[in-house]
Amino acid sequence: MTAEAPRILLLVLRRDLRLADNPLLHALRNTNNKHTHVLPVYIFNPQQIEVSGFLKLDAKSPYPEARSRVGGFWRCGPHRARFVAECVWDLKESLGKMGSDLIVRVGLGREVVAAMLQQIGARDADGAGKVVGVWMTRDHGTEEMSEERGVRRSVEAVGEGAIEFRVFENESYLIHRDDLTMEPKEVPDVFTHFRKTVEPLRGNIREPYPPPTSIAPIPPHIPAQKAPFEIPDSLGGLIAALLKPLTGVDLPGPPLTLPPGAKTTPLFKGGETAGLERIDYMLSSGAMTTYKDTRNGLLGEDFSCRFAAWLAQGCFSAKTVHKAIYEFEEGRDWRSALPGLSSNKGSTPHSAGFGKGENNGTAAVRFELLWRDYFYLCMLKFGAATFARSGYRDSSDNDHGWKTLADPRTSAAFVRWQRGSTGVGLVDASMRELYLTGWTSNRARQNVASFLAKRMCLDWRLGAEWYECLLVDYDAASNWGNWQYVAGVGNDPRGERIFNQVKQAYDYDPQGKYIRHWVEELRGVEGAEGVFQCWKLGMGEREAVVNMGGDARIAVEDPVVKIEYGGSRSRGGRGRGGRGRGRRGGRGERSER
């Protein structure tokens, strides 16, 4: 008697690398057993991450390098490449514990899915589909929407109507699309107006889906990776393949090295497991409660939630963050809202704020998560304008005379910005931290973005692309929306504001600890003024800085921009060199989300 052919459901996972609150896995409960097997697949898209490290020996890639459009930088640098690999492998291991697996492939989504359908066989001898469905969640970037359309066409062409294609709403966000009172095209151009439509926020958020308790097995035959690529069989091999082509990371000149005493952040280990641990830590340590007071910090590990990296890859959803916070506020075990958290945690500690309702810190975290929702809705509303020079406003009046890299002098100045050798201490510290760790604080990001767009007068998209390359927590909607905001072509109703990076250093790094931490040549400088404006150093200190080597000489002797500020708080720093704070304090890419 011939065994029944497997009825396979193909799950194409993208930025939904989690078990809990995953709409695809939740929907498996209601399929009426149309499938006997489930095949989860993650595809490394060669348009967004360089895949030449997966090539077989001496093979040539069929795809162009994954470079950005304006600056030609790698679309995904080493920090995020490693993090994504860890996210993928963590889910692979979690599914493995349930008797399933996550199959890793390289290629364009439409090509990988078509090859899988052809290898499995879209029909058996009796005409019933062996592959009964292909499911994926919607991601609203222009490239991601194009990828979805390509997968749909492949399913329709190969399946000839016998394969169900379903797309589920991405539920990584705080407010469910069905709970909004407007369509994306109606989203207000000012965040405050949008916020008022969803308040009170705390009571307007749905419950997250529980993780699956079981999942159908993977099919007995797994389609092979299409040549000329091969897939490693370990996390180490996966990381090595992704990092192999990324030597130098597009930074001209000698390599930047980690200053003595500085370290790359240990917080960013990819995957749902590590992400849930971070949520638990922020609540149990009390850091979530004090977040409103600490979020403008520059140096340390706990002043920021740093949830954005895990949110960007879908390792947990914003609803899960809210649920854990809500339980904490109500005086209940928040760990019950974090399924998958390590079981050896013991009893719930009663940290500051526990059981006392919403506080300034927890409210501020929800507020930041709502900003993330807002930028994703703006990307839906404006589409390709998200990545256009003129921004959301799409007007010739928005061209501020930004310079491109065509001029050698401009190109040289941009390299100095990349390397953190502009001569402006706050900017230089942030740029070195970013390059060496893949992260820098929200306050620093605002200042760096404003410096590039409004003081150096360079095309803001160069900065957005460099951040895309280096940030471990890169999210397309938030990154590009925030760069537009600071550049004056996005959602900031006061788009003309300009940060005074020296004044900001006095306000947020008054002793210069952050700057000295990352700009090693300034560690011997006494006082604050020379650290914030190193061109003002006296002859003896200037010589000592120059003797440190590297880019120190040009930063001291020829700063990219000299920002005038005397350091007196009583002056207020208004006007062109003003605080740049306002109600929101500017909108650099929100690293806390």
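Reading the values: rules and limits
- Residues numbered from 1 in each chain as written.
- Predicted model: local features only at pLDDT ≥ 70, side-chain atom pairs only at ≥ 80, totals over all residues.
- Heavy atoms only, no water.
- Helix = DSSP H or I, 4+ residues; strand = E, 2+ residues; numbered from the N terminus.
- Rg over C-alpha atoms; globule rule 2.2 N^0.38 Å.
- Buried < 20%, exposed > 50% of the residue type's maximum accessible area, 1.4 Å probe, protein only.
- Phe/Tyr/Trp six-rings, centres within 6.5 Å; stacked < 30°, edge-to-face > 60°.
- Lys NZ or Arg CZ within 6 Å of the ring centre and 35° of its normal.
- pLDDT = per-residue confidence, 0-100.
- Contact = heavy atoms within 4.5 Å.
- Axes fitted to C-alpha atoms, helices over the stretch in contact; angles between N-to-C directions.
- Parallel < 35°, antiparallel > 145°, perpendicular 65-115°, else oblique.
- Salt bridge = Lys/Arg side-chain N within 4 Å of Asp/Glu carboxyl O.

Engineer: Go over the overall build of the protein with me, naming the residues and quoting the values.
Structural biologist: In terms of regular secondary structure, the protein is built from 21 helices and five strands. Over its C-alpha atoms the protein spans a radius of gyration of 25 Å, differing by no more than 12% from the 25 Å that the globule rule assigns to 593 residues. For the protein, the C-alpha atoms occupy an extent of roughly 90 × 60 × 50 Å along the three principal directions. Residues counted as buried form 62% of the 593 residues belonging to the protein.

Engineer: Go over the packing of aromatic side chains, please, and point to the residues and values.
Structural biologist: Here a ring pair, both rings aromatic, is described through the centre-centre distance and the interplanar angle of the planes. Overall, the coordinates contain 32 aromatic pairs when judged by the stated rule. Ring-pair connections join several aromatic residues into one group, and the members of that group are F191, F194, F367, W371, Y374, F375 and Y485. Geometry around W74 places R67 over its ring, the cationic atom sitting 3.7 Å from the centre. One cation-aromatic arrangement involves R166 over W135; the distance from NZ or CZ to the ring centre is 5.0 Å.

Engineer: Help me get a handle on the confidence of the model for the protein, residues and values and all.
Structural biologist: When pLDDT is averaged across the protein, the result is 89; 91% of the residues are at 70 or more. Every residue in residues 568-593 is under pLDDT 50, and counting partners more than four places away or in other chains gives 108 contacts.

Engineer: If you had to explain the packing of helix α11 (residues 360-382) against helix α16 (residues 476-487) to someone new, which residues and values would you point to?
Structural biologist: Their axes nearest at 8 Å, the elements α11 and α16 cross at an angle of 85°. In terms of orientation, α11 and α16 fall into the roughly perpendicular class. Contacts between α11 and α16 involve W371, R372, F375, Y376 and M379 from the first element and A476, A477, S478, G481, N482 and Y485 from the second.

Engineer: I'd love a proper account of the pattern of salt bridges, names of residues and values included.
Structural biologist: Tallying each qualifying case throughout the model produces 34 salt bridges. Because the salt bridges share partners, they merge into one network encompassing R202, E329, E330, E358 and R366.

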